[in-house]
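Here is how the chains run, residue by residue.
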Amino acid sequence: MGESMTWIQALVLGLVQGLTEFLPISSSAHLRIVSSVFFGDDAGASFTAVTQLGTEAAVLVYFAKDIGRIVRAWFTTLLMRLKERSAQTVPLADQPTRKLPVITGDYAADFRLDEDAQRELDYRIGWYVIIATIPIGVLGFLFKDQIRTGARNLWLVSFMLIAFALVIAAGEYYGRKIRSIEQLTTRDGLIMGFAQCLALIPGVSRSGATATAGLFLGLEREAAVRFSFLLAIPAVTASGLFSLPDAFEPAGEGLNASGPQLLVATMLAFVVGYASVAWLLKFVARHSLDWFVGYRILLGLTLMGLLAGGVVQAT
């Protein structure tokens with residue numbers, strides 16, 4: 001049995017989770033680094049997964065109107081199409097829609113969807129989230145033991161911080177950023193879903209991976225980040241609920257949080273995470289993700305220096 005977590009440690013780690021979950025700097029890496037550098041031990045993957053429930057609750061609250069609209073559109077449209085299904089069935093991905101506006105050229109002009117077009121768009125986004133969640137669900141289940149052990153090695157974390165910083169920079173440089181969220185396709189959703197799988201490795205960043213994939217696909221920065229948030233909801237929620245038994249009945253090495261500590265840390269992550277979501281969406285509307293690239297590289301190099309100097313242990 002590892003050491004018991006103190007209240008100070010629980011509060012600090014909950015704050016770190018809320019601050020870093022939605023930024024493309026990897027919350028799992030920050031929790032791993034902060035717990036090792038300042039507290040001398042690893043808070044553990046279960047603590048990380050459970051406190052992520054707080055930040056995902058923040059997403060649910062912030063996007064409550066959008067999520068409710070998507071869920072209603074998905075169920076009502078699906079039922080309607082099942083009733084109207086003809087003998088000749090066309091795959092959903094190949095179905096043309098006459099309700100959505102056709103956008104041509106390199107610039108998507110501002111427009112407002114009517115009620116039917118909005119419902120069609122919400123229905124499609126619902127499908128994209130479902131389809132894109134399948135890869136991380138499968139890989140997360142198959143490699144759950146490796147994720148909780150070897151993947152948390154700080155040498156790997158430091159390398160991924162630097163390596164994926166370069167990927168984000170490439171996405172900003174090569175991404176055309178001309179397609180709005182109304183132009184999202186099944187292919188986009190699937191590619192961003194596979195990109196989300198990279199977040200299973202601490203140091204990558206879930207939002208960084210999916211948003212960068214969106215940039216490479218030509219999506220506008222804000223559209224890529226917004227869909228990234230929606231895409232994370234099923235995977236992160238499932239991961240947190242799956243980890244609850246391990247978190248509340250800790251065993252093995254690392255810092256072990258009590259039930260009340262986990263609850264308070266998760267609530268703190270919710271409050272700070274809500275503010276972080278609102279800030280990031282406003283930030284990316286006017287600034288590039290390159291602002292986070294330099295920070296990731298500096299943090300990765302600093303961590304490598306601490307590891308090489310024996311200040312912290314890799315495992």
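The rules behind each value
Residues numbered from 1 in each chain as written. Predicted model: local features only at pLDDT ≥ 70, side-chain atom pairs only at ≥ 80, totals over all residues. Heavy atoms only, no water. Buried < 20%, exposed > 50% of the residue type's maximum accessible area, 1.4 Å probe, protein only. Helix = DSSP H or I, 4+ residues; strand = E, 2+ residues; numbered from the N terminus. Arc of directions from axis to C-beta. Contact = heavy atoms within 4.5 Å. Salt bridge = Lys/Arg side-chain N within 4 Å of Asp/Glu carboxyl O. pLDDT = per-residue confidence, 0-100. Phe/Tyr/Trp six-rings, centres within 6.5 Å; stacked < 30°, edge-to-face > 60°.

A.B. asks: Honestly, helix α8 (residues 186–196) in this entry has me stumped. Any pointers?
C.D. replies: Three- or four-residue spacings in an α-helix give side chains the same orientation, since the helix completes a turn every 3.6 residues. By the burial criterion, the buried members of α8 are D188, G189, M192, G193, A195 and Q196. For α8, the angular spread of buried residues about the axis comes to 160°, placing them on one side.

A.B. asks: Which parts of the structure should I look at to understand the environment of A269?
C.D. replies: Checked against the element boundaries, A269 lands in helix α11 (residues 259–284). Sequence-wise, A269 and T20 are 249 residues apart; in three dimensions their C-alpha atoms are separated by 9.5 Å. Those residues within four positions of A269 in sequence are excluded, and the remaining contacts are G14, Q17, G18, T51, G54 and T55.

A.B. asks: Sorry if this is basic, but what is going on with the pattern of salt bridges here?
C.D. replies: Between side chains of opposite charge, pairing is possible as soon as their charged atoms come close. Evaluated as defined, the whole model comprises eight salt bridges. When salt bridges with common partners are traced through the structure, they connect D66, R69, D122, E222 and R226 into a single cluster.

A.B. asks: Just to check I follow, could you spell out the confidence of the model for the protein chain for this structure?
C.D. replies: Regions with low pLDDT carry predicted coordinates that are not meant to be interpreted in detail. Summing up the model confidence of the protein chain, the mean pLDDT is 85 and the portion of residues at 70 or higher is 86%. Of the regions scoring below 50 in pLDDT, residues 96–111 engages in 22 contacts with residues more than four places distant in sequence or in other chains.

A.B. asks: What is the right way to read the packing of aromatic side chains from this model?
C.D. replies: Aromatic ring pairs are defined here through the distance separating the ring centres and the angle between the ring planes. One pass over the structure, following the stated rule, counts 10 aromatic pairs. Here the aromatic rings of F22 and F229 are separated by 5.2 Å at their centres, their planes lie at 75°, and the arrangement is edge-to-face. With a gap of 207 residues between them, F22 in the loop between α1 (7–20) and α2 (27–39) and F229 in helix α10 (residues 221–248) connect regions that are remote in the sequence. Side by side, F22 and F229 carry an identical accessibility label, which is buried. Ring geometry for Y62 and F63: centres 5.1 Å apart, planes at 75°, overall edge-to-face.

A.B. asks: How should I be thinking about the environment of A151 in this particular structure?
C.D. replies: With respect to the helices and strands, A151 occurs in the loop between α6 (144–148) and α7 (154–174). With a relative accessible area of 13%, A151 lands in the buried category. Between the C-alpha atoms of A151 and A45, which are 106 residues apart in sequence, the distance is 10.0 Å. With residues up to four places along the chain from it excluded, the contact list for A151 reads Q146, L156, V157 and P202.

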